[in-house]
Amino acid sequence: MNTPNSLRETEMEAKARRAVMESGDWLTAAEILQLHGVSSRSDCAQPAQWKQQGDIFTINDHGTEYYPAFGLEKEAGYRPYRVMSKIIDILKDHKDGWGMAFWFQSVNSYLGGLRPQDLMATDPNLIIDAAFDEVLGINHG
């Protein structure tokens, strides 16, 4: 039985998912492979392999898997930032792909009002600290 609260929560989650998808920060594997500067060598650009190894996460929207563009380092040929695997490892037991997407794209008080995705290139250690803070909040909050 749906309660008014569960219906509201479902509507809020649907709205949040739409906002994530509308942000433009998500790419399919095919789109990643089309980026200028991506090497076509099989050992270099394999989004599905990156996910399997825990180097990046994905979200699934209407049957299509999307990778976070903010998690890819342009200067490294659009390979995942090294910090991504550390953050995923911290969050994986507490958040699924959508939960991680919401976390990366939400303003974070631990980060002084910035979003984790905004600091990928400039302060990866601070994002790691924020991820630990998030998990501690989940465990003890």
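This text follows the structure it describes.
Everything numeric in this text was worked out from a predicted model, so none of it was measured.

Caption draft 1: Expanded view of the overall build of the protein. Of regular secondary structure, the protein possesses six helices and five strands. Starting at the N terminus, the α and β elements of the protein follow one another as α-β-α-α-β-β-β-β-α-α-α. Taken over C-alpha atoms, the radius of gyration comes to 16 Å for the protein, in line with the 14 Å a tight globule of 141 residues would show. Projected onto its principal axes, the C-alpha positions of the protein cover 50 × 35 × 25 Å. Accessible surface, the protein: about 8,600 Å² in total, of which carbon and sulfur atoms supply 48%.

Caption draft 2: Region of interest: the sheet that holds strand β3 (residues 64–68). Judged by pairing direction, the sheet is antiparallel, and its three strands sit side by side in the order β1-β3-β2 without closing on themselves. The open sheet has two edge strands with one neighbour each: β1 (26–27) and β2 (59–61). Examined bridge by bridge, β2 and β3 share three bridges and lie antiparallel to one another. Residue pairing for β3: D61 is matched across the bridge by T64. Contacts from helix α5 (residues 97–105) reach β1 and β2, with the element oriented near 105 degrees to β2.

Calculation criteria
Within each chain, residues carry numbers counting from 1 in the order of the written sequence. Confidence filtering applies because this is a predicted model: local features only for residues at pLDDT of at least 70, side-chain atom pairs given and counted only at 80 or more, and all residues used for totals across whole chains, interfaces and linings. To get the side-chain values, all heavy atoms of the structure are used, and hydrogens and water are removed first. Comment: elements are numbered from the N terminus, with helices defined as DSSP H or I runs of at least four residues and strands as E runs of at least two. In this setup the radius of gyration rests on C-alpha atoms only. A globule is expected at 2.2 Å times the number of residues raised to 0.38. Areas reported as accessible are Shrake-Rupley estimates using a 1.4 Å probe. Residue values count occlusion only from the protein chains shown. Strands are labelled as partners when DSSP assigns at least two bridges between them. Contacts were defined at the residue level, with two residues in contact if any of their heavy atoms lie within 4.5 Å. Orientation is described by axes fitted as lines to C-alpha atoms, over the contacting stretch for helices, and by angles from 0 to 180 degrees between their N-to-C directions.

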